Amino acid sequence: MQPVLVGREKETQLLQKYLESDRSEFIAVYGRRRVGKTFLIRQVIGKNAVFSFSGMENASLATQLENFQLALQKKIGESTKPTTWLSAFDQLERYLDGLGTGKKVVFIDELPWLDTARALFVGALGHFWNSFASARNDIKLIVCGSATSWMIDKLICNRGGLHNRVTHQIEIAPFTLNEAEQYFKTYGFGYRRKEIAECYMAFGGIPYYFSLMNADESVAQNIDRLVFSKTGELRLEFQNLYRSLFKQSAGHEAVIETLATKKMGMTRKEILETTGLNNNKAFSTVLTELEQCGFTREYTPIGNTKRDVLVQLVDPFTLFHFYFESENKNQDDHFWTNSLRSPLFKTWSGLAFEMLCLNHVAQMKNVLGISGVQSRVCSWRTHKNKVKGAQIDLLIDRADQTINLCEMKFSKTEYEITKSDSENFEKKIEAFISETNTKKSVVFTMVTSFGLKHNKYSGFVQKELTLDDLF
């Protein structure tokens, strides 16, 4: 089956709108590695690009310029190899000048890889846009990159020649569960929602990972083949993921490994103490880049000050790596399948389901009928010893004087609240109200895989959501 574009309706409409405008456009498309940026752009522009080329990972300036020359030669025949990016863009200008009337789509992929040491690439790109493209009404420049932090800092928020020059920006986010379901249906997978959710909990909403799966294999068979077999296509993906995005990735990986142990997140001070990294500008840059690339988020828990901001891991594939890939000491080709009934799987699935809910709060709010209510998503943990270990992992703190206190439970059947559960939930609620002194209404909300098994302990649950509601 030929690859087809699944989902991305909004992004497609925006890109088409910008391409059809009556002025020159500078369109920046960004999003994490493997999320489908290039595929989307190529599907929309088809064969209409008058020039396109892609940066090369870890290539020298000379190699990048040779790559540019070869791409241009396919359009104009023989050409001289440029020695600088300024001369390269000059060649491109002369080529575009000779094309006559009509819109001219120029697509440059993996833009951050072109910004090698002493390449002066950003300045040359700025000169091309400011002195040539922006003075016309027929140039549609689309640039794309996986290093989101580079795209934001060097392009969108540029303080030099490219300041405020990007006319539009489009972020390509991972698939939602609904889009993942559309993908699997389109490509003939017979997976039920439980299986799609488990796949999402391991891989996140990354279309490329889904594209490597076989429809005639179960989720467990696909994961074993892709991640744990000796020839698995995703066996080294975690290492490649961070090293391809960050030139000095050791600090990023150290922070991520630390955050994987604390589901609610950690303060800057706690991260520094655990990793041993230096408290300096470079560390601040690491935290910023991880958030910009979608691996973490920052938030202030209820009852805390702004100085107690927590950094929280929100990337499912990273969590999966630290719970399973790093634990496969014996290089078991079927480690996933052999772990499905283990305590390790039970612990991971609980954490991964909570992360799944966190990444689908918009869907939860829609089902709760509060999608239009301003709110913040946070957590809470006790600062007193009388309720040992009391914490709430997901709170929807709403502007309408209401707080949804969410308890998330992953199970293979209906979840049955026990007497012990009931007592624990009630203590949490009492401790939360007492310690925060909140005057808002507190709505106890349960989010489970297949709903609650109603019994004498389930009556105090005020709102109930299931896995289906996240789709």
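The present account deals with the structure reproduced in this document. For clarity, every value in this text was computed on a predicted model and none was experimentally measured.

Reading guide: rules and limits
- Residues numbered from 1 in each chain as written.
- Predicted model: local features only at pLDDT ≥ 70, side-chain atom pairs only at ≥ 80, totals over all residues.
- Heavy atoms only, no water.
- Helix = DSSP H or I, 4+ residues; strand = E, 2+ residues; numbered from the N terminus.
- Rg over C-alpha atoms; globule rule 2.2 N^0.38 Å.
- Buried < 20%, exposed > 50% of the residue type's maximum accessible area, 1.4 Å probe, protein only.
- Contact = heavy atoms within 4.5 Å.
- Areas by Shrake-Rupley, 256 points an atom, 1.4 Å probe, with all protein chains shown as cover.
- Lys, Arg positive; Asp, Glu negative; His and termini not counted.
- Charge placed at Lys NZ, Arg CZ, Asp CG, Glu CD.
- Pairing = 2+ DSSP bridges.
- Axes fitted to C-alpha atoms, helices over the stretch in contact; angles between N-to-C directions.
- Salt bridge = Lys/Arg side-chain N within 4 Å of Asp/Glu carboxyl O.
- Expected span 1.5 Å × (residues − 1).

1. Considering the overall build of the protein chain
- Along its length, the protein chain carries 20 helices and 13 strands.
- Relative to a compact globule of 471 residues, whose C-alpha radius of gyration would be 23 Å, the protein chain shows 25 Å and is just as compact.
- Across the 471 residues of the protein chain, 54% fall into the buried class.
- Considering only contacts in the protein chain between residues 6 or more positions apart, those separated by 24 or more positions represent 68%.
- Total accessible area computed for the protein chain in this model is approximately 22,200 Å², and 47% of it derives from carbon and sulfur atoms.
- One finds the centroid of the 59 positive side-chain charges in the protein chain at a distance of 3 Å from the centroid of its 54 negative side-chain charges.

2. Observations concerning the sheet that holds strand 7 (residues 296–299)
- Taken in spatial order, the three strands line up as 6-8-7 in an open sheet, and their pairing is antiparallel. Each edge of the open sheet carries a strand with a single partner, namely strand 6 (266–267) and strand 7.
- With two bridges joining them, strand 6 and strand 8 (residues 310–313) adopt antiparallel strand pairing. Paired with M266 across the two strands is V311, which belongs to strand 8.

3. Overview of the sheet that holds strand 12 (residues 441–448)
- Spatial strand order, 9-10-11-12-13: five strands in an open sheet with mixed pairing. Here the strands that pair on one side only, and so sit at the sheet edges, are strand 9 (375–381) and strand 13 (463–466). Between one strand axis and the next, the sheet turns by 30° as a mean value, whatever way the strands run.
- As defined by bridge partners, strand 12 adjoins strand 13 across four bridges and the pair is classed as parallel. In the sheet register, T448 faces strand 13, and the bridge partner there is T466.
- Packing of helix 19 (residues 419–436) onto the sheet brings it into contact with strand 9, strand 10 (391–398), strand 11 (402–409) and strand 12, and relative to strand 11 it is tilted by some 145°.

4. Considering the pattern of salt bridges
- Tallying each qualifying case throughout the model produces 23 salt bridges.
- Note that K440 is salt-bridged to D397, the shortest N-O span being 2.7 Å. Taken together, the residues K440 in the loop between helix 19 and strand 12 and D397 in strand 10 connect sequence positions 43 residues apart.
- D397 gets classed as buried once you look at its relative accessible area, which sits at 13%.
- Each of D97, K104, R136 and D138 takes part in a single network of salt bridges with overlapping partners.

5. Regarding helix 3 (residues 61–76)
- Taking 1.5 Å per residue as the helical rise, helix 3 with its 16 residues ought to reach 22 Å, and the 22 Å between its terminal C-alpha atoms agrees with that figure.
- If you check which residues of helix 3 are buried, you get Q64, L65, N67, F68, Q69, A71, L72 and Q73.
- Looking at the buried residues of helix 3, the elements they touch are strand 2 (49–54) and helix 4 (85–97).
- Positive backbone phi, at 85°, marks G77, one or two positions downstream of helix 3.

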